[in-house]
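Now for the letters of each chain:
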Amino acid sequence: MTEAFSMARYGMKVTGVFLALLGLFATGTAAVAAPPPAGSTDPVGNDVSWPQCGKTLPAAPAFAIVGVTGGLANNINPCLADQLDWAGKATGGTPQPKVALYVNTANPGHEGSWWPASNTYANISVSNPYGTCDAKDQAEGPVDLPCSYMYGYAKAYDDATIRGITNPGNYFWWLDVETGNSWQTGTSNATALNRATLEGMATYFKGITAGRTDSAGKAAGVGIYSTGSQWGTIAGTVPAASPLAGLPSWLAGAKTLRGAKSNCSLPGLTSGSSVTVTQYVSGGLDYDYSCR
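As the structure is a prediction and not an experimental result, all values here were calculated from the model. Residue positions are counted from 1 within each chain, in the order its sequence is given. Side-chain atom pairs in this predicted model are given and counted only at pLDDT of 80 or more, local residue features only at pLDDT of at least 70, and totals for whole chains, interfaces and linings cover all residues. Hydrogens and waters are ignored; side-chain quantities use all the structure's heavy atoms.

**Quick word on the packing of aromatic side chains**
Note on aromatic pairs: each is described by the distance of the centres and the angle between the planes. Put simply, the rule reads: Each Phe, Tyr or Trp ring, with Trp reduced to its six-membered ring, pairs with another whose centre is within 6.5 Å; inter-plane angles below 30 degrees give stacked pairs, above 60 give edge-to-face pairs, and intermediate values give tilted ones. Labels follow the DSSP assignment, with helices taken as runs of H or I lasting at least four residues and strands as runs of E lasting at least two, numbered in each case from the N terminus. Partly exposed describes any residue whose relative accessible area lies between the buried limit of under 20% and the exposed limit of over 50%, with all areas from a 1.4 Å probe on protein chains only and scaled to the type maximum.
Summed over the entire model, instances satisfying the criterion amount to 14 aromatic pairs. On the basis of an interplanar angle of 70 degrees and a centroid distance of 5.9 Å, the ring pair of Tyr-157 and Tyr-204 is categorised as edge-to-face. With Tyr-157 in helix 4 (residues 145–161) and Tyr-204 in helix 5 (residues 190–209), this pair connects stretches of sequence that are 47 residues apart. Accessibility assignment for this pair places Tyr-157 and Tyr-204 in one class, buried.

**What about the nonpolar core?**
This is how it is decided: We define the nonpolar core as a collection of buried residues of types Ala, Val, Leu, Ile, Met, Phe, Trp, Tyr and Cys that are connected through side-chain atoms lying within 4.5 Å of one another. Contacts are assigned to residue pairs that have any heavy atoms within 4.5 Å of one another.
In this structure, Trp-173, Phe-205 and Trp-231 are the most contacted members of the largest nonpolar core, which totals 61 residues. Counting residues per element, this core draws most heavily on helix 4, at nine residues. The contacts of Trp-231, once residues within four sequence positions are left out, are Val-177, Leu-198, Ile-224, Ser-226, Gly-236, Val-238, Leu-244, Leu-269 and Thr-270. Listed in part, the 11 residues of the second largest apolar core include Ala-100, Tyr-102, Tyr-225 and Trp-250.

**Section: the packing of helix 5 against helix 6 (residues 228–235)**
Keep this limit in mind: Angles here are taken between N-to-C directions and fall from 0 to 180 degrees, while the axes themselves are lines fitted to C-alpha atoms, restricted in helices to the stretch in contact. For classification, angles of less than 35 degrees are called roughly parallel, those exceeding 145 degrees roughly antiparallel, those between 65 and 115 degrees roughly perpendicular, and all remaining angles oblique. Amino acids are sorted into nonpolar (Ala, Val, Leu, Ile, Met, Phe, Trp, Tyr, Cys and Pro), charged (Asp, Glu, Lys and Arg) and polar (every other residue, Gly among them).
For the pair helix 5 and helix 6, interaxial distance at closest approach is 7 Å and the crossing angle is 105 degrees. Here helix 5 lies roughly perpendicular to helix 6, going by the angle between them. Residue-level contacts link Thr-191, Asn-194, Arg-195 and Leu-198 of helix 5 to Trp-231, Gly-232, Thr-233, Ile-234 and Ala-235 of helix 6. By residue class, the composition of the contact of helix 5 with helix 6 is four nonpolar, four polar and one charged.

Written out as structure tokens, the structure is:
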């Protein structure tokens with residue numbers, strides 16, 4: 001992925017140098033991607049999204065992670081189809097799926113273009129662990145735990161069903177969690193509200209990917225992309241019973257392949273989580289290392 005923070009990508013892809021400094025990922029400002037460091041024999045992947053539209057991408061990454069959304073949680077990457085075609089040429093050879101997806105995340109509350117009013121979305125009655133999202137005859141529900149959960153569930157549903165992804169249950173989906181997007185802040189329950197949104201997304205993706213694999217037999221599922229500091233700011237401490245606990249972690253922040261390898265030894269973003277992918281920046285593009 002690339003920074004999901006607003007600035008240059010709103011999400012996972014902002015300018016390489018800027019994102020690296022923030023512990024995010026790069027937007028890819030260079031016209032042509034630089035190869036991995038000379039002499040490296042480690043197979044590495046790339047993550048791309050809308051900032052890479054029209055740019056020259058590495059010809060044969062070991063694996064590819066493609067952004068479905070275009071920097072915000074409620075829009076689409078305009079180059080999604082072309083980038084999925086490029087990703088299909090990945091060579092494999094790592095524990096990662098040849099092609100995975102990532103999506104921007106947020107909890108904008110009433111500042112967003114849409115906010116839920118009930119526990120029903122797309123004619124689906126959602127089992128909500130926080131209770132009932134109730135608009136009480138208003139256009140939108142309150143910015144509380146039930147409605148925050150529904151917002152996340154709805155965004156994940158949209159990502160899987162209306163963005164142009166075929167067989168969405170056969171992919172591994174990464175949740176791009178960065179401070180550049182809109183989140184609840186300044187209240188005692190802000191991180192709880194943000195967690196509820198991410199839990200809604202994770203629950204939806206868990207539901208559609210359970211027991212599924214891609215064409216090569218790699219397990220589908222859901223994980224979290226962030227840095228430790230950003231995750232702590234947005235989501236706080238995740239309870240052991242949360243559907244976020246134990247999800248694989250993809251860590252941003254490294255500037256070199258060596259740094260990315262070192263980051264594989266860092267703690268995961270939630271309790272019980274292991275770091276399975278790390279990211280670094282080279283030649284204005286995001287590169288990714290699969291931890292062993």
